[in-house]
Amino acid sequence: MRTTVRSIPPPAGPGRGADLAQVATGIGERLVREAVWYRGQCNWVALGAAGPPPVQRALGPELGAGTAGIALFLAQLAAAGGDAPLRRTALGAVGQALAHAGQAPPHGLYTGRIGVAYAAARCGLLLGEERLVAGAGRLARGRRATGGERRFDLLGGSAGSIAGLLALARLLSDERLVQRAQRLGDELAEGARRGREGWSWPAPGERRMHGRCGMAHGAAGIAWALLELHAATGAPRHRAAAERALDYERHWFDPQRADWPDLGGIERRERRGTFCAPPATGWADGAPGIALARLRAWRIAGDERLRGEAETALATTAAHVDRELLTAGADFTLGRGLAGGAEALLAGVALHPQGAELARRAGEIAASRHAGSLDGWPCGIAGAGLAPGLLGGHAGIGLLYLRLHDRAVPSPLLIGAPD
């Protein structure tokens, strides 16, 4: 099928956020300098958690930690008026991602092939490269993999594939991808662990434990994907499944802390109130991701209870961001650090009007501390130097700065959803 490239308008020109845009440009220029080239494609070598101890390794193709996510940032920066090296490096990175997409798992938005396809489509549209859009379509429509351990989460499972396929269906104008997402939605509902408190989904190797809360691995991300599927198809069964996932997460809400527990480390199934699990603070497992999921759920379903939960999650996120700004070395990444909290506050400005100013202040303080540092922003691994990736590194931080400058830049944490 031939796909026609549609242009995506570049971000607005310099204005009040010009300094923050310059921070993003500085991050992009460093990524350009440190790229390793071979036959027209490029990659980065970075310290990863493959140890112990952590080791230097080349990046994979994926969206969350690999070259696809870096390409997405560099393409967005180039489309905003960046120079030729930014464009060239974006094309080299996405070419590397497409060439090695087969190494990624079949499912998942941030670790799987669907995420690579999404990044390639976005890069192609931003840079006017039809061959990338066509390559994204081929990858997204590729044969479904069978066998292996089933995963259900947003990061690396079928919920992530649903979100990515729906975003690609809009970018590529291909209804077949919606049909594939529907099949995955039905499989997701079939795989739920159903209880009186709601539906949860087991993680690999954790089948006797509690299903998790949160966006990356838990009920929030699965509910979001199912609600996006309902919005695309109108099928009530997908909304019903999403509501049961939200019920499960609601069951674990701690009103005294105004927060949700991180259940990933609980080794046995216990009743609520019989153990103490700490809250998570990042997008992956904590209030920022839950805030984003509830915001979108409220906009799709129109349920005022969801609005109230979104407001609570945003207030908890704001308190955490405000507290962590006092710590000079606090993780500033999208996945588990302050940038993810700032991203949630940007998205939730309609319900938490002070959030955008707090997000901006966080960006300004972090830039004053880290923009000129050889190590750059703290990314969770001490002494890591440049951490290039989207969720755990500088590409994601750069995208936050672009969004602080211009909210029209799409969120990397709520793929495909309108702001």
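Before any of the text, the structure's been laid out above.
Conventions and cut-offs
Residues numbered from 1 in each chain as written. Predicted model: local features only at pLDDT ≥ 70, side-chain atom pairs only at ≥ 80, totals over all residues. Heavy atoms only, no water. Salt bridge = Lys/Arg side-chain N within 4 Å of Asp/Glu carboxyl O. Helix = DSSP H or I, 4+ residues; strand = E, 2+ residues; numbered from the N terminus. Buried < 20%, exposed > 50% of the residue type's maximum accessible area, 1.4 Å probe, protein only. Polar contact = N/O pair within 3.5 Å; in protein donor to acceptor, adjacent residues only side chain to side chain. Contact = heavy atoms within 4.5 Å. Phe/Tyr/Trp six-rings, centres within 6.5 Å; stacked < 30°, edge-to-face > 60°. Lys NZ or Arg CZ within 6 Å of the ring centre and 35° of its normal.

## Examining the pattern of salt bridges
Thought 1: Scanning all chains against the criterion turns up 20 salt bridges.
Thought 2: In this structure, the salt-bridge partner of R239 is E243, at a minimum N-O distance of 3.0 Å. Of this pair, R239 and E243 both sit in helix α9 (residues 236-251), separated by four residues, roughly a single helical turn.
Thought 3: For R239, a relative accessible area of 26% puts it in the partly exposed group.
Thought 4: The exposure class assigned to E243 is partly exposed, which follows from its relative accessible area of 36%.

## A closer look at the side chain of E228
Thought 1: Here E228 lies in helix α8 (residues 219-233).
Thought 2: Judged by relative accessible area, E228 falls into the buried class, the value being 4%.
Thought 3: Separated by 2.5 Å, the side chains of E228 and R296 make a polar contact.
Thought 4: Excluding anything up to four places from it in sequence, E228 contacts L166, R296, I300 and A417.

## Remarks on the packing of aromatic side chains
Thought 1: The final tally for this structure, using the stated rule, is six aromatic pairs.
Thought 2: Seen in terms of ring centroids, Y110 and W283 are 5.6 Å apart; in terms of plane orientation they differ by 75°. Their pairing is edge-to-face. Residue Y110 is located in the loop between α3 (84-99) and α4 (113-127), and its partner W283 is located in the loop between α9 and α10 (287-301); the two are separated by 173 residues in the primary sequence. Neither residue differs from the other here; Y110 and W283 are each classed as buried.
Thought 3: Centroid distance W377 to Y401: 5.8 Å. Interplanar angle 55°. Geometry classified as tilted. Of this pair, W377 sits in the loop between α13 (355-370) and α14 (394-405) while Y401 is found in helix α14, placing the two residues 24 residues apart along the sequence. Both residues of the pair, W377 and Y401, count as buried.
Thought 4: One residue, R88, lies across the ring of W37, its end atom 4.0 Å from the ring centre.
Thought 5: Across the ring face of W199, the terminal group of R194 is positioned such that the distance to the ring centre comes to 3.9 Å.

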